Amino acid sequence: MNLHALSTPRNRYQLAAALASLLITLSPTLADVVVVESRSGGKNFAAYAEGSGNWANSTAKSSAADLTSGVGSRFETADGGSFRVTPTLANAGGTYLVEVTHGVSSSIPTDLQVGIGVTGGTGLPATTTSFNQTPANVWRSVGTIVLDSGVNNPTITFAKQAGATGTGQRFYADAVRFTDASDPCLNFPAIVTVNGPLAAGQTFVDVPTVDSTAIAVTVYADGVQIGQKAAGITAGVNRVTTSALVKGQIIAATQTSPTSVESCRPSTGPKVGGGANPRVRISLSIRQNAGLTGPIGANGGTSDSIIKFLGATNTFGGGFAAAPVGGKVIQPETCWQTVTFLRGEDPNNPVDKSYRWTGTDGTHNLLGNFGVLDSIAFAIDDLTDSGPFNLYIDSFMNGDTLIQGFEGGTNGQNSVFLAQPSLSGTTSPFLLAQSPGAISPNVSQVTTAFADEGSNAARVSWQFKDSAGLDWLRCAAQGSGTPNPQLDLRLPITFRILLLPPGVVSLPLKINTHPADRSAVQGTSASFSVNVCGTPPFSYQWHFNGINVITDATNRTLTLNNVSPANGGAYHVVVTDASGSTNSNPATLTVSPATFTNCLAELWRLAPGSRPYLNTDGSQRSIAYHPVTGNLLLVSRAGGSNAVYVLDGNTGADLWTLTVDTNVVTGGTFAMNMIGVDDVGGVFVGNLTTNGSTDEFRLYGWIDDSAEALPYLAWHGNPGGVDYTNRWGDTMSVRGSGAGVRVLLGGRPDPVVSILDPSVDPNSLPLPILVGDANPGDFSHGIAWGAGETFWGKGIGASNVLKHVAFDPNTASGTTLQTFASLPNVAPIGVDTARNLLAGVSIETPDNLRLYSVANLAAEPVNLDTRFFPTDNANGNRSGAVAFAPGRVYALDANNGIIAFGIRPALRYTRTESTLTLSWDAPAVLQSSTHVEGVYSDLLDQSSLPVTSPYAVDTAAGTQTFFRLRQ
């Protein structure tokens, strides 16, 4: 509730001390006015009290003059509901005009009749229809009250007598105003407000509601006359020439009657802004509806639901209708800017914070995967400047989906996608001007003046009535183009905005975003793009390595398909508009060579999202093949739970999960991270610890991969022993069986590996091995047992070489045998020692699985084949795993799913004169035929066993023979 007592020199009086905080004394020439408000909160106080009825808070608020903006009102729906006001008036025994007001609401009956009861005065009618639905946002006369002699605090009771009732029919108590009728200025209608815009340097003011008989219209700035129109006055809006407006001035206007009586000057007025486009804060209001499933852009409707601000952290002062706090602060700029909002995959760990606005579910976080765009919220950020704002919006997108680009609209078309600023009853009271003035500027329309893409954009323009911190605009997404679109909250929500500095009317040619460096795998595509600002139309010409013009490359985006190493180099673009041309910075394309053959035959693939336990949050980092059952085992922490999923190795079908006892499986940064299987099917899973000395590494075991197998603690402690405090559990490899089981761990930052013997007991000592000629991080992202007492290791960054290392368990030392530099992007690795194969997950664009032959350790690994993962999401940790099986290879790329391939045996040959020597990797069998499509038979030795590699053939006889391998 709020009580304003507005006084003039004509009737000076001393205010009671108890009401001092509620009474405001205004400048001269103002009528004595007292306003009693029912404010959101609903607590009775001396000037306002509620009687019968089911009174409740409402967010609806009248925007009539003299009211507190940003605060709701009260309503009830019962028959006979009543409220009473007891103002403290200055003129005891005087005569006062009584008026009421309410905001816009279709729930107010059109036949509402309210009874009036008075104590301490006479003259008011017994009933009034002034509480009816229309008109809203204006003061409506109830009548005149004559106070009893000596009385200055009458009580007036308003009680509903007739009209529709029920939940949808409301009797609103917003505010009651009392005006001293003895003031001469009341004899001619007051000019309550002026129209906008009001910008610094402007030399006119538009004055509305001028009476047709007025002989003068006068404009004041901070109480000082700055302009007057005394001729050519017409009824309605009149433009009055003024001296230049100054930022921060309060503007008011009066009109003079034919008898030379000047109307009362308003108690306050709108504020002059600094000119177009001070900085502004932007957030999104999202209707939360967990039942929505898309697709992106589909109409999600406007049904009552919880609404939360995305990008905001609170509201100003904590009030419902006040401006959201936080958001993206946008400064004026002569180029288009990108505004991006993202909740992300996990509501509990959002990228951009959210804040509950309406409704409640016990959290401020946006829940569900889809929400509905309720509005773009623009909040004042410069508390010295009210505007006006004049900005442009283009290319509203969700992920890669264009929701609205405004190309389908026509120039000047109103409310396409975004409604006009005045639509929202929640925020229209903050706009200039309030009824009966026209809210102006009040623009949301398609324009061809500026566009980021194509020829059209949306222009949105408004001005705040002052520069208070609670001012904001809810620019609702309820226009005609794409009403209430559904948004996938897991994907970025972006739009382009142009917020020009004051005085800028055309855009200088400027490259806003230069082409960025790109990397691509041979055989894929790569794109460069440029964003420019200037005056359309633009022309583009791309160049390669400085001066080489690329034919037909005349768009803002350059796409190169099927790239090869020859495409590597520098690319730049020359952009031209009517004012001239400018060059972009060069961008470099790096092409990673790759081999594509039929060596790998796809068996199956699983993309993120295809299973509940496969996602894009980095919670899957390891797989292992089970040699007894032929199953593939996956560790996943999706959804915050630790699990080992068992998949059919042939098809990828779900089978079951291993039993995980949280009393056993516990501890570490991650309780479960890497997995391995020994030669006879024992399963081992390790945790992750970032410091083995303070947080032990724990290794868990299962006797097999059945659903009934129970976990046990196979080993625990610091794998680095007493000497190394490394991080452990990022890389792991298992080999052997029974008493010969050995678990190999890679540590970092020290170039140390550790060998565990879980067959002894959980407390057995580790064997940390320092590789003296290795660098920190050389074994951080990939490790695999090699033949004999060797292993392979892979790092990234400065340690991006592949190392083949021999170790001596007696001296606990290792020595690098070979270092290979041709696999810089490979991180997780796996090795098949029987066939001299190595496979690695290569983190590049796009991520891929590389299969290599390492048969010749005197040369770099030979890339046999390359295959891509289902998606190419970012894998910032470069984590994953490779698992070999007989004739197969499986690969996990964190955030990009699993792929499985059969490995076709490779047949190699050399020729010396008439001798052809064939070689291959076991366990393939060599076959021959006299016809290429004929019947092939195994080649057998004298013992009737398949011949072994190498196999020599004498070609001197000239007999035609064809050879192939079978698995």
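In case you missed it, the structure is sitting above this.
Here goes a summary of the coordinates provided. This structure is a prediction, so every number in the text was calculated from the model and none was measured.

1. Side note on the sheet that holds strand S45 (residues 600-606)
An order of S45-S68-S67-S66 is seen for the four strands of this open sheet, with the pairing classed as antiparallel. With one partner strand each, in any of the chains shown, S45 and strand S66 (880-885) form the two edges of the open sheet. Each strand of the sheet is rotated relative to its neighbour by a mean of 15°, with strand direction disregarded.

2. Section: the sheet that holds strand S61 (residues 813-820)
Reading across from one edge, S54-S55-S56-S57-S61-S60-S59-S58 is the order of the eight strands in this open sheet, with mixed pairing throughout. Every other strand in the sheet has two partners, leaving strand S54 (727-735) and strand S58 (782-785) as the edge strands with one partner each. Taken over all neighbouring pairs, the strand axes of this sheet differ in orientation by 30° on average, direction set aside. Both S58 and strand S59 (residues 790-794) contribute to a ladder of four bridges, which runs antiparallel. By the bridge assignment, Trp785 is partnered in S59 with Phe791.

3. Describing the environment of Ala457
Summarising the element assignment, Ala457 is placed in strand S31 (residues 457-462). What makes Ala457 buried here is its relative accessible area of 0%. Residues Ala457 and Ser929, 472 residues apart in the sequence, show an inter-C-alpha distance of 70 Å. What Ala457 contacts, discounting residues up to four positions off in sequence, is Trp336, Ile393, Asp394, Phe406, Gln445, Val446, Thr447, Phe450 and Ala451.

4. Considerations on empty space enclosed by the protein
In the structure shown here, the tally under the stated rule is three cavities of 30 Å³ or more. In this structure, the largest cavity encloses a volume near 100 Å³. Looking at side-chain class alone, the lining of the largest cavity contains seven nonpolar, one polar and three charged residues.

5. Re the state of the cysteines
Here, disulfide denotes a covalent bond that connects the sulfur atoms of two cysteines. Considering all chains together, one arrives at two disulfides under this definition. Two residues, Cys185 and Cys264, share a disulfide whose sulfurs are 1.5 Å apart. Handedness of the Cys185-Cys264 disulfide follows from its S-S torsion of about 75°: it is right-handed. Remark: Cys264 occurs in the loop between strand S19 (251-256) and strand S20 (280-288) and Cys185 occurs in the loop between strand S14 (175-180) and strand S15 (204-210); sequence separation between them is 79 residues. The same class applies to Cys185 as to Cys264, namely buried. Paired through a disulfide, Cys335 and Cys533 show a sulfur-sulfur distance of 1.8 Å. Taken as a pair, Cys335 in the loop between strand S24 (328-330) and strand S25 (337-341) and Cys533 in strand S38 (residues 531-533) lie far apart in primary sequence, 198 residues in all. Across this residue pair, the class does not change: Cys335 and Cys533 are buried.

6. Some remarks on unusual backbone geometry
In this structure, the amide linkage connecting Thr845 to the following residue, Pro846, adopts the cis form with an omega of -5°. Position of Pro846 among the secondary structure elements: in the loop between strand S63 (837-842) and strand S64 (848-853). In this structure, the amide linkage connecting Ser949 to the following residue, Pro950, adopts the cis form with an omega of 0°. Of note, Pro950 is situated in the loop between strand S72 (937-938) and strand S73 (951-954). Unusually for a residue other than glycine, Ser395 sits at a positive phi of about 55°. Within the secondary structure, Ser395 is located in strand S28 (residues 389-398). By relative accessible area, Ser395 is classed as buried at 10%. In this model, Asn895 sits at a positive phi of 80°, which is unusual for a non-glycine residue.

7. Side note on the nonpolar core
Residues Ile282, Phe378 and Phe495 are the most contacted members of the largest nonpolar core, which totals 46 residues. For this core, the elements supplying multiple residues, two or more each, are S20, strand S21 (306-310), S25, strand S27 (370-380), S28, S31, strand S32 (472-476) and strand S34 (493-499). Looking at this core, the element that brings in the most residues is S27, giving six residues. Discounting residues that sit within four places of it in the chain, Phe495 has contacts with Ile282, Leu284, Gln337, Thr338, Val339, Phe341, Ile376, Ile393, Asp394, Ser395 and Phe396. With 25 residues, the next largest nonpolar core counts Phe83, Phe131, Val176 and Phe178 among its residues.

8. Quick word on the pairing of strand S44 (residues 587-592)
Looking at chain direction, strand S36 (residues 518-521) and S44 are connected through four bridges and run parallel. The residue of S44 that forms the bridge with Arg518 is Leu589. The pairing of strand S42 (residues 569-577) with S44 spans three bridges and is classified as antiparallel. Note that in S44 the partner of Tyr571 across the bridge is Ala587.

9. Considerations on the pattern of salt bridges
A complete count under the given rule lists 29 salt bridges for this structure. The salt bridge partner of Asp381 is Arg279, with a shortest N-O separation of 2.5 Å. With a gap of 102 residues between them, Asp381 in the loop between S27 and S28 and Arg279 in the loop between S19 and S20 connect regions that are remote in the sequence. Overall, the relative accessible area of 30% leaves Arg279 in the partly exposed class.

10. Section: the layout of surface pockets
If a probe as big as a water molecule is rolled over the atoms, it shows which places are left empty. In this structure, the largest pocket spans a volume of roughly 1,000 Å³. For the largest pocket, the lining is made up of 40 residues, of which Thr59, Ala60, Phe320, Gly425 and Thr426 are closest to its centre. Here the residues of the lining of the largest pocket sort into 11 nonpolar, 23 polar and six charged.

Conventions adopted
- Residues numbered from 1 in each chain as written.
- Predicted model: local features only at pLDDT ≥ 70, side-chain atom pairs only at ≥ 80, totals over all residues.
- Heavy atoms only, no water.
- Pairing = 2+ DSSP bridges.
- Helix = DSSP H or I, 4+ residues; strand = E, 2+ residues; numbered from the N terminus.
- Axes fitted to C-alpha atoms, helices over the stretch in contact; angles between N-to-C directions.
- Buried < 20%, exposed > 50% of the residue type's maximum accessible area, 1.4 Å probe, protein only.
- Contact = heavy atoms within 4.5 Å.
- 1 Å grid on protein atoms, 1.4 Å probe; cavity = no way out; pocket = protein on both sides within 12 Å on 5 of 7 lines; lining within 4 Å.
- Points joined across faces, edges and corners; volume = space filled by probe spheres on them.
- Nonpolar A, V, L, I, M, F, W, Y, C, P; charged D, E, K, R; others polar.
- Disulfide = S-S within 2.5 Å.
- Core = buried A, V, L, I, M, F, W, Y, C linked by side-chain atoms within 4.5 Å.
- Salt bridge = Lys/Arg side-chain N within 4 Å of Asp/Glu carboxyl O.

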